[in-house]
Amino acid sequence: KKILLIDDSDTYIWCLQKYLQRRGYPAKTAFTLRDARTVIKEEIPLVICCNLDLPDGSGMGFWDEVRAVDKEIPLGGDVPNEESPCPASAVLYPH
């Protein structure tokens with residue numbers, strides 16, 4: 001399973017994707033919530049790292065959708081730091 005990175009900043013997403021890949025975590029990217037929905041339909045990710053403020057909606061509102069599909073996808077505090085591929089288990093973040 002892959003990590004899904006959702007952010008409208010191509011620079012930020014590129015840096016985070018490289019950071020994760022160097023540590024052995026494959027990552028998929030999406031620049032909008034619409035793109036993220038498409039990715040999730042293809043494969044439920046292991047973890048989702050999502051910006052709170054995206055051009056087509058709120059990352060917080062997106063969680064309601066995600067949890068309706070799969071209640072097992074970890075949210076920020078659900079993943080212990082030593083197991084989390086995202087820095088400091090920060091899955092939802094302001095940007």
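Residues numbered from 1 in each chain as written. Predicted model: local features only at pLDDT ≥ 70, side-chain atom pairs only at ≥ 80, totals over all residues. Heavy atoms only, no water.

**Student:** Would you explain the confidence of the model for the protein in this entry?
**Tutor:** Do not read the predicted coordinates in detail wherever pLDDT is low. Per-chain confidence: the protein averages 79 in pLDDT, with 77% of residues scoring 70 or above. Averaged pLDDT values for the elements of the protein fall to 49 in strand E6 (residues 92-93) and rise to 94 in strand E2 (residues 27-30). Within the model, pLDDT remains below 50 along residues 76-90, and this stretch shows 24 contacts once partners closer than five positions in the same chain are excluded. (pLDDT = per-residue confidence, 0-100. Helix = DSSP H or I, 4+ residues; strand = E, 2+ residues; numbered from the N terminus. Contact = heavy atoms within 4.5 Å.)

**Student:** Looking at this structure, I do not really get the side chain of asparagine 51. What am I missing?
**Tutor:** Assignment of secondary structure puts asparagine 51 in strand E3 (residues 47-51). By relative accessible area, which is 0% here, asparagine 51 ends up buried. A polar contact of 3.3 Å, which involves the side chain of asparagine 51, links it to the side chain of aspartate 7. (Buried < 20%, exposed > 50% of the residue type's maximum accessible area, 1.4 Å probe, protein only. Polar contact = N/O pair within 3.5 Å; in protein donor to acceptor, adjacent residues only side chain to side chain.)

**Student:** Would you take a moment to explain the pairing of strand E1 (residues 3-6) for this structure?
**Tutor:** Where a strand is regular, its side chains alternate between the two sheet faces. Neither face of E1 is left uncovered, since the one carrying Ile3 and Leu5 and the one carrying Leu4 and Ile6 both have all their residues buried. Relative to E2, E1 is paired through four bridges, and the arrangement is parallel. The residue of E2 that forms the bridge with leucine 5 is threonine 29. Assessed by its sense of winding, the connection that carries the chain from E1 through helix H1 (residues 10-22) to E2 is right-handed. In the sheet, E1 pairs with E3 via four bridges, with the strands oriented parallel. Paired with leucine 5 across the strands is cysteine 49, a residue of E3. (Pairing = 2+ DSSP bridges. Right-handed = clockwise from strand over helix to strand, strands pointing away.)

**Student:** Explain the environment of glutamate 43 here, please?
**Tutor:** Tracing the sequence through the fold places glutamate 43 in the loop between helix H2 (33-42) and E3. Its relative accessible area of 31% is what places glutamate 43 among the partly exposed residues. Separated by 41 residues in the primary sequence, glutamate 43 and lysine 2 place their C-alpha atoms 8.3 Å from one another. The residues contacting glutamate 43, other than those within four sequence positions of it, are Lys1 and Lys2.

**Student:** Help me out: how do you make sense of the packing of H2 against helix H3 (residues 59-69) in this one?
**Tutor:** Packing of H2 against H3 brings their axes to within 12 Å, and their N-to-C directions diverge by 15 degrees. Comparing the axis directions of H2 and H3 gives the class roughly parallel. In the crossing of H2 with H3, the sense of the turn from one axis to the other is right-handed. Contacts from Leu33, Ala36, Arg37 and Ile40 of H2 reach H3 at Phe62, Glu65 and Val66. (Axes fitted to C-alpha atoms, helices over the stretch in contact; angles between N-to-C directions. Parallel < 35°, antiparallel > 145°, perpendicular 65-115°, else oblique. Left-handed = near helix turned anticlockwise from the far one by under 90°.)

**Student:** Can you walk me through the pattern of salt bridges in this structure?
**Tutor:** For side chains bearing opposite charge, pairing can occur when the charged atoms are close. Applying the stated criterion across every chain yields a total of two salt bridges. Note that lysine 28 and glutamate 42 form a salt bridge whose closest N and O atoms lie 3.6 Å from each other. Remark: glutamate 42 occurs in helix H2 and lysine 28 occurs in strand E2; sequence separation between them is 14 residues. Assessed through its relative accessible area of 30%, lysine 28 is described here as partly exposed. (Salt bridge = Lys/Arg side-chain N within 4 Å of Asp/Glu carboxyl O.)

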